[in-house]
Amino acid sequence: MMKIKRLFFVIAGCLAAGYAAADAQNESTTPMYSIEALDIPASSFRYGPFAVSMGEGESPDVAGLYEQFDFFSFFNLPPHQVDLGQKMYRHFSCRGNRISSSYCDALWDGANMAKAWRYSLYNGTPNLKSFLNQTIADDTDVIYTSLGNDASEGVGYRYDYDSSLSSYANPTSYGIAKFNNKTFILKSPVIDREYGNILGSYASALGFVKLDDGRILVGGYSNFPSAKEQFFYNCYAGNDNSDGSYHFCPGHKMQATIWVIDPDRDPDGAEITGQQTQSYIDYTTNPTAMVSAAVTSFIKKGDDLYALGYSVTNDWGSTVNPSNTAVYWKLGLDGDKVNYKTVSEYPGMARPGNQDNWNEYTWTVGANANGYILANRKLAKAKNSNYAMNLAYTRLRDNRSFDNISYPLYNYPFGGVNSEGAAINDNNFIVGWIDRRDDTRAIVGGSYRDSEALFYDINAGKYHYINDFICHKDAAGNTDCKAEDGKYYHIQWAVDINNSNVIYATAFQYASKSDWDKSINATVKSVLLKPSEDAFIVDGDTGEQIVNESRKVTYNRAVVKNYSTKRGGSLGIGGLIMLIAASCFTLSGRRKF
């Protein structure tokens, strides 16, 4: 909720600036957003710190990750999206995206790259560390996926590497929830056993909602029966091919799950058993199928409560590798029993495998208090040599109907562009990432494009590059992108935005303008971007905030690609990869493993 003081300034800014054109520049000597590079302690894990989630307020608490290996480059994932239980992310792999085979080999075989991560699964060794503000967690603490208002509340997961819990090297995973100074252990309702072997269990929490009676619903996923031993073998003892058995990890089949917590009643350390939905969208359960589904968030409308996430469909005709499809469940509560009343798809979002095979995967990300729901899709059809990803949104109206899904950046600003939404706040602003504005190269048969942080203003129906929010004009009217700390930044992935319009992101920091121009010698930083008082103005017709475009300052960088600076550590293959990307065009099958 905007404070009166801020409202005064934004209205004043509206009267002074008017509705400026998108490319208009002013002579402001301060940036639209200031940058606070967070002082996160160093970790023994070499990659990071990567932003994950933050709380509310102008100086919010933050959570993030360090990672031991760079396997996210092979899958073209923002590093914070590493999640073994969400199968779809491993199908956005270098092979699945039909990248040059030599380029993929370099991302798989390079030092500390994806193959090293693959071996860590064989050995049952940790490869992630979480941080909360200035504290790095030990291996037995929570890896956060979502914070609440502050650091006292949040959800995530924890790995237990006790070998007695499973017949393989796989860790047992528990969801974790922290509320009211208590920690709750969120467990799968299933401990799998096959041929006398204990196969363990797996669960993770992704989001939560507070009910009026003080209880909390936590959504996520957990394994369900018929996770055959072969799944465990393929994940934790299978081959190390770059298009091989890792697709089966973590070896469990995942079902959408909700845990009911009463933080006043339930004691600290209580084990809460999850409640799973029992059905999929248009899918007949097959014991050999590798399926997954999850609850990612919730939305309330009056007395009605909905869980949001994704289900699964086999409309591709595959009984082994069906696709995820974005859905919502209308919920009911009978005491602490969760009733998944109905499961439905969003209007206008084609089910993967339907309508001429338009989408390959679709999934829900989150929602805000105004009924807007953020989703994404991965296309099954190429445009300009790319199987693009697109952010999407819909809206739940007071009459309980949903707007037709909107894809505002489909083939925009250029054909085949990638975009992904990561978070939405109650001012109807979305943040995420998009292909870098100067990078339109072909991906099929080539290499991945670079990306930069994205801001989408639903109220105005316009997108913005967040890097245009951090430059300013000097006293002579020249563009200056030096931050207050004397460093230069490229904002790569915006992962969260709170209701004060503070943005949490992973950025690359450069000590000099020369390094920044050339994209060399970068240091990974988790950063908070804080808006100036006149960063937003109020639309006189709707009363909604919109971006004050006159405050944007664009600097056209002459970028020299150097991949080794992009992931928080030197890969030792920076110049080589760019040569490889243009040299080899052996393609991999679309849904192969």
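About the criteria used
Position labels on residues start from 1 in each chain and follow its written sequence. Reporting of local features is limited, given that this is a predicted model, to residues whose pLDDT is at least 70; pairs of side-chain atoms are given and counted only at 80 or more, and all residues count toward the totals for whole chains, interfaces and linings. Water and hydrogen atoms play no part in the side-chain values, which are based on all heavy atoms of the structure. Following DSSP output, two strands are said to pair if at least two bridges run between them. Working definition: helices are DSSP H or I runs of at least four residues, strands are E runs of at least two. Numbering for both runs from the N terminus. A fitted line through C-alpha atoms serves as each axis, taken over the contacting stretch for helices, and the angle formed by two N-to-C directions is quoted from 0 to 180°. In this description, a disulfide is simply a cysteine sulfur pair whose atoms lie within 2.5 Å. Each residue gets one of three labels from its accessible area relative to the maximum for its type: buried under 20%, exposed over 50%, partly exposed in between, using a 1.4 Å probe on protein chains only. In this description, one arc is meant: the one made by directions from the helix axis to the C-beta atoms. pLDDT: the predictor's confidence for each residue, scored from 0 to 100. Here a residue-residue contact requires only that any non-hydrogen atoms of the pair lie within 4.5 Å. Centres within 6.5 Å make a pair out of two Phe, Tyr or Trp rings, where for Trp the six-membered ring is used; the pair is then stacked when the planes are under 30 degrees apart, edge-to-face when over 60, and tilted otherwise. Here the nonpolar core consists of buried residues drawn from Ala, Val, Leu, Ile, Met, Phe, Trp, Tyr and Cys, with membership extended through side-chain atoms lying within 4.5 Å. Any carboxyl oxygen of Asp or Glu within 4 Å of a side-chain nitrogen of Lys or Arg constitutes a salt bridge here.

Explain the sheet that holds strand S31 (residues 503–510) to me, and be specific about the residues and the numbers.
Hydrogen bonds between backbone groups are what pair the strands of a sheet, and the pairing can be parallel or antiparallel. Overall, antiparallel pairing links the four strands, which are arranged S1-S32-S31-S30 in an open sheet. One side of each edge strand has no neighbouring strand; the edge strands of this open sheet are strand S1 (33–37) and strand S30 (488–497). Each strand of the sheet is rotated relative to its neighbour by a mean of 35°, with strand direction disregarded. Taken together, the five bridges between S1 and strand S32 (residues 523–531) define a ladder with antiparallel strand orientation. Note that in S32 the partner of Glu 36 across the bridge is Leu 528.

Can you lay out the state of the cysteines for me, pointing to particular residues and giving the numbers?
For the coordinates displayed, the defined rule picks out three disulfides. Put simply, Cys 235 and Cys 249 are joined by a disulfide, and their sulfur atoms are 2.3 Å apart. In this structure, the disulfide formed by Cys 235 and Cys 249 twists by about 110° around the S-S bond and is classed as right-handed. Separated by 14 residues along the polypeptide, Cys 235 in helix H4 (residues 229–236) and Cys 249 in the loop between H4 and strand S14 (254–261) bring together distant segments of the chain. Relative accessible area serves as the criterion here: at 0%, Cys 235 is assigned to the buried category. A disulfide bridge connects Cys 471 with Cys 481, and the sulfur atoms are separated by 1.9 Å. For the disulfide bridge between Cys 471 and Cys 481, the dihedral angle about the S-S bond is near 105°, and by the sign convention the bridge is right-handed. Residue Cys 471 is located in the loop between strand S27 (462–465) and strand S28 (472–473), and its partner Cys 481 is located in the loop between strand S29 (479–480) and S30; the two are separated by 10 residues in the primary sequence. A relative accessible area of 8% places Cys 481 in the buried class. Counting its disulfide-bonded cysteines in sequence order, the chain shows a connectivity of 1-2, 3-4, 5-6.

So what's going on with helix H3 (residues 114–123)? Residues and values would help.
Note on helix geometry: an α-helix contains 3.6 residues per turn, so any two residues three or four positions apart are oriented the same way. Among the residues making up H3, those that are buried are Ala 114, Trp 117, Arg 118, Ser 120 and Leu 121. Projected down its long axis, H3 shows its buried positions confined to an angular sector of 155°, all on one face. Of the residues one or two after H3, Gly 124 is the one with positive phi, at around 65°.

Which residues make up the sheet that holds strand S16 (residues 275–276), and what values do they have?
A sheet is described by the order of its strands in space; here four strands give the open sequence S12-S13-S14-S16, paired in antiparallel fashion. Of all strands in the sheet, those with a lone pairing partner are strand S12 (203–210) and S16, marking the two edges. Pairing of strand S13 (residues 216–223) with S14, which is carried by eight bridges, proceeds in the antiparallel orientation. The residue bridging Tyr 221 from the neighbouring strand is Ala 256, located in S14.

Would you mind going over the confidence of the model for the chain in detail, with residue names and values included?
Looking at the chain, pLDDT values average 84 and 82% of them are 70 or higher. A low-confidence stretch, residues 1–27 stays under pLDDT 50, and its non-local contacts, those more than four residues away or across chains, total 46 contacts. With pLDDT under 50 throughout, residues 560–593 is counted as low confidence; its partners more than four residues away or in other chains account for 104 contacts.

Can you explain the environment of Ala 51? Please cite residues and give values.
Along the polypeptide, Ala 51 turns up in strand S2 (residues 47–54). Between the C-alpha atom of Ala 51 and that of Ala 63, which follows or precedes it by 12 residues, the distance is 6.6 Å. Discounting residues that sit within four places of it in the chain, Ala 51 has contacts with Ala 63, Gly 64, His 80, Val 495, Tyr 504, Ala 505, Thr 506 and Ser 526.

Got a sec to walk through the packing of aromatic side chains? Specific residues and values, please.
Using the criterion set out here, one finds 39 aromatic pairs in the structure. Judged by centre distance (5.8 Å) and plane angle (65°), the ring pair of Tyr 346 and Phe 402 falls under edge-to-face. Note that Tyr 346 is positioned in the loop between strand S20 (337–345) and strand S21 (359–367) and Phe 402 in the loop between strand S23 (389–395) and strand S24 (419–424), a separation of 56 residues in sequence. Relative accessible area serves as the criterion here: at 3%, Tyr 346 is assigned to the buried category. On the numbers, 6.2 Å between centres and 65° between planes, the contact of Trp 358 with Tyr 410 is edge-to-face. Taken together, the residues span a long stretch of sequence, with Trp 358 in the loop between S20 and S21 and Tyr 410 in the loop between S23 and S24 at a distance of 52 residues.

Tell me about the nonpolar core, and name the residues and values.
If you look at the biggest cluster of nonpolar residues, it comprises 67 residues, and the most contacted ones within it are Phe 74, Cys 94, Trp 117, Trp 363 and Tyr 504. Among all residues touching Trp 363, those that are not within four sequence positions of it are Met 88, Tyr 89, Phe 92, Gly 309, Tyr 310, Ala 326, Ala 375, Asn 376, Arg 377, Lys 378, Met 389 and Glu 420. Within the second largest apolar cluster, 24 residues are counted, among which are Phe 429, Ile 466, Ile 470 and Phe 536.

How would you sum up the pattern of salt bridges? Please name residues and give values.
Per the stated rule, a full pass over the model turns up 23 salt bridges. The partner of Asp 212 in a salt bridge is Lys 300, and the shortest N-O contact between them spans 3.9 Å. Linking Asp 212 in the loop between S12 and S13 with Lys 300 in strand S17 (residues 294–301), this pair joins segments that are 88 residues apart in sequence. The class for Lys 300 is partly exposed, based on a relative accessible area of 39%. Among the ionic pairs, Asp 450 bridges to Arg 436, the shortest N-O distance being 2.7 Å. Of this pair, Asp 450 sits in the loop between strand S25 (429–435) and strand S26 (451–457) while Arg 436 sits in the loop between S25 and S26; the two residues are 14 residues apart in sequence, bridging distant segments of the chain. Exposure remark for Asp 450: the relative accessible area of 9% places this residue in the buried category. The class for Arg 436 is buried, based on a relative accessible area of 3%. One network of salt bridges, with partners in common, ties together Asp 213, Arg 215, Arg 265, Asp 266 and Asp 336.

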